[in-house]
Each structure stands twice: as C-alpha cells, then as structure tokens.
Amino acid sequence: MELADRFITAITAGDVDSLRSLYAPDAKIWHNGPGEGGGAEQDVEDNLRTLRWLSRNLADFRYEEIRRDPLPDGYVQRHVLRGSLPDGTAIEMAACLFVTVDGAGRIARIEEYADTRGSDPLRALAAAQRAARA
C-alpha cells in the first residue's frame, strides 16, 4: 500500500508534481454528486487543480481514520478528510475511494464516494472565490 501512502502524502502537501507522477497519463477520477449520472469525471489535470486548491485553502488539511483493503487491481480506502477553511470553519467529510492501478503501478482510475453534505462549505468557499474574481 505504499502507493496509497504516497498519494495521500502528496495530496496533503499540495505536491502536484508527485501527484502527477502517481497518475497514469489518461487516468480518470470520478466523484459522486449532483448532476446527470450522479457525479462527474475529471481528467488528471482537472483533478490536480482541485487537489492544489484544497491544499491551499484548508489549514491543517489531513486524512484520518484511514482504512485500506487491497483489491486484485488496486485498493479501497475509507477515510475522513479534515481541515479548516480560512475563516476557521471546520471541515469533516467521510469518503471512500476505489482505486484502480495499472500494470505500471500508477493510478488509472479513482471512484470517490464522499458525504457531499460535508463538502458544502468547500463549495461555498469556491463559489465566493469565483465571484470575487469576476
């Protein structure tokens, strides 16, 4: 599960170069949520922007209560993402990742199922930042 450890460490550090090296070039990252099909899929670059934004906007950004199990072609991870927004609002979001690893040992696909209520403050912050730039 070294890949899983390296992945979480790179996310919380905002280390985009390390993250990019862990993904297969054509990897897809799917997140549950509203909309057609019950979620949205990202390519690597879109996902890296999202993860970079998280690391810049969450103080004390961390994954806790991590539980992992190997799968024949990857692993499943359950965790709770925690941190604080710039205004001090605490974030706590439970999630489950199904990670598929390719033959080269890189992440080829992630399907993330998260408690979307826990991400409401993150969406509100992103919307406020977009409005401020407009």
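Scroll up to find the structure.
Residues numbered from 1 in each chain as written. Predicted model: local features only at pLDDT ≥ 70, side-chain atom pairs only at ≥ 80, totals over all residues. Heavy atoms only, no water.

## Considering the packing of aromatic side chains
Right, so step 1: According to the stated counting rule, one finds four aromatic pairs in the structure shown.
Right, so step 2: Residues Phe98 and Tyr113 carry aromatic rings whose centres are separated by 6.0 Å and whose planes lie at 90 degrees to one another, so their mutual orientation is edge-to-face. Here Tyr113 lies in strand E6 (residues 107-114) and Phe98 lies in strand E5 (residues 90-101), a separation of 15 residues in the sequence.
Right, so step 3: The class for Phe98 is partly exposed, based on a relative accessible area of 37%.
Right, so step 4: According to the relative accessible area criterion, Tyr113 is partly exposed, its value standing at 37%.
Right, so step 5: Taken together, the aromatic side chains of Trp30, Phe98 and Tyr113 make up a single cluster linked through ring pairs. (Phe/Tyr/Trp six-rings, centres within 6.5 Å; stacked < 30°, edge-to-face > 60°. Helix = DSSP H or I, 4+ residues; strand = E, 2+ residues; numbered from the N terminus. Buried < 20%, exposed > 50% of the residue type's maximum accessible area, 1.4 Å probe, protein only.)

## A few points about the nonpolar core
Right, so step 1: Among the nonpolar cores identified, the biggest contains 33 residues, and Phe7, Ile11, Tyr23, Leu58 and Ile110 are the most heavily contacted of them.
Right, so step 2: Broken down by element, this core gets its largest block of residues, six residues, from helix H1 (residues 2-13).
Right, so step 3: Not counting the four nearest positions on each side in its chain, Ile110 is found in contact with Phe7, Tyr23, Lys28, Ile29, Trp30, Leu97, Phe98 and Val99. (Core = buried A, V, L, I, M, F, W, Y, C linked by side-chain atoms within 4.5 Å. Contact = heavy atoms within 4.5 Å.)

## Quick look at the pattern of salt bridges
Right, so step 1: Going through the model one piece at a time under the given rule, you end up with 13 salt bridges.
Right, so step 2: Across the pair Arg78 and Asp69 runs a salt bridge, and its minimum N-O distance is 2.8 Å.
Right, so step 3: Among the residues examined, Arg78 registers a relative accessible area of 21% and is labelled partly exposed.
Right, so step 4: Here the salt bridges share partners, and the residues they tie into one network are Asp60, Arg62, Glu64, Glu65, Arg82 and Glu92. (Salt bridge = Lys/Arg side-chain N within 4 Å of Asp/Glu carboxyl O.)

## Some points on the sheet that holds strand E2 (residues 39-43)
Right, so step 1: Across the sheet, six strands lie side by side as E2-E1-E6-E5-E4-E3; this open sheet has mixed pairing. Across the chains shown, the open sheet's two edge strands, defined by having one partner strand only, are E2 and strand E3 (59-71). In this sheet, adjacent strand axes meet at a mean angle of 20 degrees when their direction is disregarded.
Right, so step 2: Contacts from H1 reach strand E1 (23-32), E3, strand E4 (74-84), E5 and E6 within the one sheet, and its direction differs from that of E3 by about 165 degrees.
Right, so step 3: Of the strands in this sheet, E1, E2, E3 and E4 touch helix H3 (residues 44-57), which is tilted by about 65 degrees from E1. (Pairing = 2+ DSSP bridges. Axes fitted to C-alpha atoms, helices over the stretch in contact; angles between N-to-C directions.)

All we've got here are geometric facts, nothing functional implied.
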